[in-house]
Amino acid sequence: MPMELLEAIPRLFTYTFLVRALIVGLLVSLCASTLGVSLVLKRFSMIGDGLSHVGFGSLAVATAFNWAPLAVSIPVVMFAAFLLLRLSERGKIKGDAAIALISASALAIGVFVISKTTGMNTDVDNYLFGSILALTHEDVVLSVVLSLVVLVLFALFYHRIFAVTFDENYARATGIPAGFYNTMLALLTALTIVLGMRMMGALLISSLVIFPALSSMWLCKRFFSVTICAAVISLMCYVAGLLVSFTYQAPTGASIVLANLTVFITFYAASRLITLRKT
Amino acid sequence: MKHETSLIACKDVGFRYEGQLAVSGITCAVDAGDYLCIVGENGSGKSTLVRGMLGLLKPSEGVITFDAALRSSDIGYLPQQNAIQRGFPASVQEVVLSGRLGRLGLLPLYTRADRAAAHEALKLLGISELAKASFSELSGGQQQRVLLARALCAADDGLKILILDEPMNGLDPHVKQEMYACITSLNEKQGIAVVMVTHDVQTAVKFARHMLVLNGRQEFFGTAHDFEHAAVGADLLRDACGGTCAVCGLPKGTVRQ
């Protein structure tokens, strides 16, 4: 790590907005990465992307009408998560098409409402690409509470989430309410997306769900170790991205995604090397 | 077959999907220690019946009765493998232990008894040494054995019924024979009744005590011996052999006397 990045660490704590970004970001990264393992394995990765677009639409409408952003976004995105799950399970529209349909519609509603009210301004740019300046003290409190809910539920139902992810048919046959756990996963993902969206941006937040899980799967072969490794990768990439963003005045969301991309490529190379050595 | 002593008995059972009758007229039974193979074309209602036997699907017609002493944990289930599972990052122990979840209640962690049951199941199938191995790195046959161990460890005092949905899919002939031997051993030595959905009529008839043929409705139910002599059985065996049968050694179309 370059010296200037190391030197930046103590300075992070001198700015209130950066401390807020650090707390919210670490919690959101932890939640997104743990939920991400199941979502990626169940081929639900794009749900995160779809929900972030719904989040953008709801934030845009809330801003246009001067409503509290999170109070509007949380129920709307959670409802969208529920709807997406139902559509992909029972609907005549297949999962990927349902996600594309809902995300494009939400994006269009957001852009339409903004253009007819406040106009395309910095706020909209922040929603799309994220801004750590957008976080308030209330956001931090809400993030801590909701992240704790996500993490406690994940820990309590860890074995059941594993069973439903590995073999939903078997889980149902042995009396595990798979539908309940699928819904819980989707709703917790919705919460995580809304919490992290203003910091990471609607276009980049899904990377926090997908990248750590994929990276850890290159090297880890147990569900437990994949989950732990994904959480560690996510936390480290968040700190690295924030430091880069702070030191080089780069966009925070993009810096965090690039840190994740670097880890993904490194882990891929390491797994190839291990495979080559074995053969 | 005495239906009043059966573990599972179906009487005129039928299932509907979106208002349309998927399969109907099924009257069959599974007794203690039985070995029933269900055969039929794709979409003939085999897996639907299995879901009914597992209590996951209510019949739209007729009735499925379960022995009063039969608990849901007495029924082990090996579903068809899906694409997600084959490369899934999980250890064998994690997979086998998940068979105990039905007994875990609201507890967030497995107990010592659960771990012991998982160990016993692996031992019974002769794969104890794979406990720490990665599921994704096992061969198809080993993966099926692990899933079989998961089904076995669901019950504390031994399974009564093992329901297998196309367990031989994707396995090479040598591994298939090993799996059949393994399932037959569970049936004969442990006294577990086996219900197996399969496309492999030739091999199924060698091991099964009873055969059930479905094709949107029940075409045959009876002993394996009667199946070989029935017109439907002879047709299915002839289609499967496509010449001199490698299993029974008889020329195409011959019915064993």
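Below is a summary of the structure that appears in this document. Please read these numbers as outputs of a predicted model, since none were measured by experiment.

The subject of this paragraph is the pairing of strand β2 (residues 20-30) of chain B. Residues and elements named next belong to chain B. Strand direction decides the pairing type here: strand β1 (residues 8-17) and β2, joined by seven bridges, are antiparallel. What sits directly across from cysteine 10, in β2, is cysteine 28. Following β1, the chain reverses through two residues before pairing antiparallel with β2; glutamate 18 in that reversal takes a positive phi of roughly 50°.

Moving on, we get to the sheet that holds β1(B). Residues and elements named next belong to chain B. With respect to topology, three strands assemble into an open sheet ordered β2-β1-β4, the strand pairing being antiparallel. Where the open sheet ends on each side, the last strands, each with one partner, are β2 and β4 (61-66). The mean angle between the axes of side-by-side strands here comes to 25°, regardless of whether they run parallel or antiparallel.

Looking now at the sheet that holds strand β9 (residues 218-223) of chain B. Residue and element names in this part refer to chain B. Taken together, six strands build an open sheet; the order of strands is β5-β6-β7-β3-β8-β9 and the sheet is mixed. Of all strands in the sheet, those bounded by a partner on one side alone are β5 (75-78) and β9. Direction aside, the axes of adjacent strands within the sheet are offset by 10° on average. Both strand β3 (residues 35-40) and strand β8 (residues 210-214) contribute to a ladder of five bridges, which runs parallel. Its bridge partner lying in β8, cysteine 37 is registered against methionine 211. Strands in contact with helix α1 (residues 46-53) are β3, β5, β6 (161-165), β7 (193-197) and β8; relative to β3, the strand with the most contacts, it is inclined by about 145°. Helix α6 (residues 140-152) contacts β5 and β6 of the sheet and is inclined by roughly 160° relative to β5.

For the rest of this paragraph, the subject is the layout of surface pockets. In this structure, the largest pocket occupies an estimated 470 Å³ of space. Taken together, 23 residues make up the lining of the largest pocket; nearest its centre are A:Tyr158, A:His159, A:Arg222, A:Phe224 and B:Glu94. Of all elements in the fold, only α2 (16-41), α7 (137-156), α8 (158-166) and α12 (223-248) of chain A together with α3 (92-97) of chain B reach the threshold of two or more residues within the lining of the largest pocket. The element contributing the most residues to the lining of the largest pocket is α12(A), with four residues. Taken together, the residues that form the lining of the largest pocket break down as 14 nonpolar, five polar and four charged. Counted as a void, the second largest pocket has a volume near 350 Å³. Around the second largest pocket, the lining is made up of 14 residues, and of these A:Lys42, A:Phe44, A:Glu168, A:Asn182 and B:Ile84 lie nearest the centre. For the lining of the second largest pocket, the element with the most residues is α8(A), which contributes three residues. In terms of residue class, the lining of the second largest pocket is made up of four nonpolar, five polar and five charged.

Criteria and cut-off values
Counting of residues starts from 1 at the beginning of each chain's written sequence and follows it residue by residue. Chains and ligands are labelled by the order in which they are written, letters from A for the one and numbers from 1 for the other. Local features in a predicted model are, by the rule used here, given only for residues with pLDDT of at least 70; side-chain atom pairs are given and counted only at 80 or more, and totals for whole chains, interfaces and linings are based on all residues. Working from all heavy atoms in the structure, the side-chain values ignore hydrogens and water. A pair of strands counts as paired when DSSP detects no fewer than two bridges linking them. What counts as a helix is a DSSP run of H or I of at least four residues, what counts as a strand is a run of E of at least two, and both are numbered from the N terminus. In this description, a line fitted to the C-alpha atoms serves as the axis of each element, helices being fitted only across the stretch in contact, and the angle between N-to-C directions of two axes falls anywhere from 0 to 180 degrees. Residue contacts follow a heavy-atom distance rule, with two residues in contact if any of their heavy atoms lie within 4.5 Å. Think of a 1 Å grid over the protein atoms and nothing else: a 1.4 Å probe that fits but is trapped marks a cavity, an open set flanked by protein within 12 Å on at least five of seven lines marks a pocket, and residues with an atom within 4 Å of a point count as lining. Grid points are joined across faces, edges and corners, and a volume is the space filled by probe spheres set on the points. Think of it as three bins: nonpolar holds Ala, Val, Leu, Ile, Met, Phe, Trp, Tyr, Cys and Pro, charged holds Asp, Glu, Lys and Arg, and polar takes everything else, Gly as well.

On their own, these measurements won't tell you what the molecule is for.
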